[in-house]
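So you can see what is in the structure, the chains are spelled out below.
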Number of protein chains: 2
Amino acid sequence: MSETTVNSARLKDFIRQAFIAVGLPDADAATVAGLMTAADLQGSEGHGVSRLPQYVRRIRAGGVNVRPNIRVVHEHAATAVLNGDNGMGHLVMKRAAEMAVEKARVTGIGWVNSQLSNHAGPASLYATMPLAHDMIGLYFAVGNANHLPPWGGLDMLLSTNPIAAAIPAGEENPVVLDMATTVAAYGKVKTKALRGEAMPEGWMIDREGKPLTDPKRADEGMLLPLGGMEAGYKGYGLAMIIGLLAGTLGGAAMGRDVIDFNHDDDSVTNTGQAIAAINLAAFGDVATFKRSVDALARDFRNSQRMPGVDRIWVPGERSHETRLKRTTHGIPIAPALLRGLDQVADDLGITRLAN
Amino acid sequence: MSETTVNSARLKDFIRQAFIAVGLPDADAATVAGLMTAADLQGSEGHGVSRLPQYVRRIRAGGVNVRPNIRVVHEHAATAVLNGDNGMGHLVMKRAAEMAVEKARVTGIGWVNSQLSNHAGPASLYATMPLAHDMIGLYFAVGNANHLPPWGGLDMLLSTNPIAAAIPAGEENPVVLDMATTVAAYGKVKTKALRGEAMPEGWMIDREGKPLTDPKRADEGMLLPLGGMEAGYKGYGLAMIIGLLAGTLGGAAMGRDVIDFNHDDDSVTNTGQAIAAINLAAFGDVATFKRSVDALARDFRNSQRMPGVDRIWVPGERSHETRLKRTTHGIPIAPALLRGLDQVADDLGITRLAN
């Protein structure tokens, strides 16, 4: 069975209808659907529509508040903490990004943490929001399931806590990094499982420390921190620091308090994220900065390559090319995912995605 | 020949005298000596007194300004750019940390970039400065020599651009991460060379992509980015983003503009660093935050270990234990380093370190 492809407008409308059917206000449903579709467009499959069945299940189980009162609970000139009232993370962090930008306009930098938020999709969605305002975006999040033990340990007390950064350029595309602090993000493991493919060695190990490559056995193993067997203490350290910045700082869950939302549909996750916007104009001439980023991207691209390497990529270029390609040719939906989405559609009484 | 050990007061005084002999004002010489000694005390050998011969050579060649006019060139409520006037980086970044703390007191966060700074030693020295004010410290720097190509490339356009983060705890020690975005920092390569030891495989590769383990051949090879052969594109991305934040943002060198200060004693390096201070009190109750960090550190330490693992370390614990040990028992100085320091002492007409 070959993969189905759908265009982004259809995908967005399908997601929007699903969220309306489970009780989100129309505008909120459209916001979440737009961000989830943007995730699929840029190739972040593990964080786009593939999460819809789980989101719907959670909402129906009462695990997410569909009419949240998202509100500021602490505020200084350059910082704030947003209480997400257990709403969809997309809504909370879009609002947080907007606040960070407004603060950075005045003070040079804005930093906003969330508490009582939820899974918000790929980190780069939010890190890129300040770009339109000639600002750098930084984003940190506590993942929604612990798959990583402390270095040398077996108890999974950490998540894949991602970091994203987006840097404005001039004629070049912005530089956008979005990475889990594990060798592979857990969303990638799920995508492999949906596709029936094996994982490469080095993504996960079992409790004896042996490589685990069957994604269906993911529950029996743990992810390796960035750096792998050799320098994984660095990835472990990054995961911990990001968790403290994104979770603990804002009064959100971290460590033992993290709810595994793959196996729990109704507990409040108290997810924490943090976003910073850094206003280029506060640091010098904006055009000069952008020209420097352009020059750097071109220096990298035109630099000498190792034998067998076709192209040197600047962070964010692959996502950008995927976005262009999928905007024109549509978004591929794996067969197993489509079956799951059809089930959601039938349950909610909405039209199937690819009908 | 066994290693010499010296106590920290003697080491600090030796360094101080060396800097006074090459023209630094007494107070500045004491500040730099204190920070370099702190580096050696915590086990950051690659960034402590081992750099003294190079610093002295650079100052005598006119490559560093011994009487800089360190000044603010851009300022907003929460941000600033400091022009270091080509002074010692330690002086510039201590001042930057102090400014960031003062800003964070008022606005919740302070972020200060440097331009025309110089090598400042280990990142953690500055990231830890906000701790005493119940603030989180973050530090980013552009390294002073390019040893890292873009992923898939051969041209060394990036340095080991380090990141450090320091998080206040209550009864536990603060969590302190200080890491290069390469598998190994170049300072570690130098330390191996000084000690006559081989490097492990995975630190460096030669231009054919083969492992390079002889630190004396370091000039023929390149460092591997964090993630190694498997996920090194992540370390590459981190190195680039940190370079943009610490260098380009403040108008300092990045990419092709970075001066290799191992092979150039007189060009102005235009080194850039950035420091952020995040005021815990702006995000909630400080005591609650600290209790959460304590609980997390204890959860990690007491969690189940893999077979053969004696202890689970929280980032910063090793440095803390080294500091305690060296404060009591002294700082070991490798024979090759001691010979270099004796040469410096003789050249400057000051008393040898271990006389």
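Model, not experiment: these values are computed from the prediction.

1. Notes on the pairing of strand 11 (residues 273-279) of chain B
Residue and element names in this part refer to chain B.
Now for step 1: Strand 11 sits mainly inside the fold: seven of its seven residues count as buried.
Now for step 2: Burial along strand 11 is two-sided: Gln 273, Ile 275, Ala 277 and Asn 279 facing one way and Ala 274, Ala 276 and Ile 278 facing the other are all buried.
Now for step 3: Pairing between strand 4 (residues 109-115) and strand 11: five bridges, direction antiparallel. Each residue of the ladder has a partner; that of Ile 109, found in strand 11, is Ile 278.

2. Details of the pattern of salt bridges
All names here are of chain A.
Now for step 1: Counted by the stated rule, this structure contains 42 salt bridges over all chains.
Now for step 2: With its nearest N and O atoms 2.8 Å apart, the salt bridge here joins Glu 171 to Arg 298. Of the two residues, Glu 171 sits in the loop between strand 6 (163-167) and strand 7 (175-179) while Arg 298 sits in helix 8 (residues 286-301), which places them 127 residues apart along the sequence.
Now for step 3: A residue is classified by how much of its surface remains accessible, and Arg 298, at 31% relative accessible area, is partly exposed.
Now for step 4: Lys 192 is the partner of Glu 197 in a salt bridge, and the nearest nitrogen-oxygen pair spans 3.0 Å.
Now for step 5: By sharing partners, the salt bridges in this structure join Glu 171, Glu 172, Arg 298, Arg 301, Arg 311, Glu 317 and Glu 321 into a single network.

3. Points about the environment of Ile 15 of chain A
Now for step 1: Secondary-structure assignment places Ile 15 of chain A in helix 1 (residues 8-21).
Now for step 2: Look at Ile 15 of chain A and you get buried, because its relative accessible area is 0%.

4. Considerations on the domain arrangement of chain A
All names here are of chain A.
Now for step 1: Under the domain assignment, chain A is made up of domain 1 (1-60 + 320-355) and domain 2 (68-183 + 224-315).
Now for step 2: A C-alpha centroid distance of 23 Å is found between domain 1 and domain 2.
Now for step 3: Here domain 1 packs against domain 2, burying approximately 1700 Å² in sum over the two surfaces, 57% of which is carbon and sulfur.
Now for step 4: Considering only the side of domain 1, the residues that lose the most area to domain 2 are Leu 35, Tyr 55 and Arg 58, jointly responsible for 37% of the buried surface there.
Now for step 5: If you look at where domain 1 meets domain 2, you find three salt bridges.

5. Comments concerning helix 2 (residues 26-41) of chain B
Residues and elements named next belong to chain B.
Now for step 1: Given a rise of 1.5 Å per residue, 16 residues ought to cover 22 Å, and the 22 Å separating the end C-alpha atoms of helix 2 matches this to within 8%.
Now for step 2: By the burial criterion, the buried members of helix 2 are Ala 29, Val 32, Ala 33, Leu 35, Met 36, Thr 37, Ala 39, Asp 40 and Leu 41.
Now for step 3: Of the surrounding elements, those touching the buried residues of helix 2 are helix 1 (8-21), helix 3 (52-60), helix 4 (89-107), helix 5 (124-127), helix 9 (317-329) and strand 12 (331-333).
Now for step 4: Once helix 2 finishes, Gly 43 follows within two positions and takes phi at roughly 90°, a positive value.

What counts and what doesn't
- Per-chain numbering applies: the sequence of each chain, read as written, is numbered from 1 onward.
- Just so you know, chain letters begin at A and ligand numbers begin at 1, following the order they were written in.
- Only residues with pLDDT of at least 70 get local features here, since the model is predicted, and only at 80 or more are side-chain atom pairs given and counted; chain-wide, interface and lining totals rely on the full set of residues.
- In computing side-chain properties, one takes all heavy atoms of the structure into account and sets aside hydrogens as well as water.
- Think of it in three bands: with a 1.4 Å probe and only protein chains considered, a residue is buried below 20% of the maximum accessible area for its type, exposed above 50%, and partly exposed in between.
- Helix numbering and strand numbering both begin at the N terminus, where a helix is a DSSP run of H or I of at least 4 residues and a strand a DSSP run of E of at least 2.
- A pair of strands is considered paired only if DSSP assigns at least 2 bridges between the two.
- By definition here, a salt bridge exists when the distance from a side-chain nitrogen of Lys or Arg to a carboxyl oxygen of Asp or Glu is within 4 Å.
- All domain edges in this entry derive from an automatic or database-based domain assignment.
- Buried area, as used here, totals the accessible surface that two parts lose on assembly, with accessibility defined by a 1.4 Å probe and the loss added over both.
- Every helix has an expected span of 1.5 Å times one less than the residues it contains.
- Two residues form a contact once any of their heavy atoms are found within 4.5 Å.

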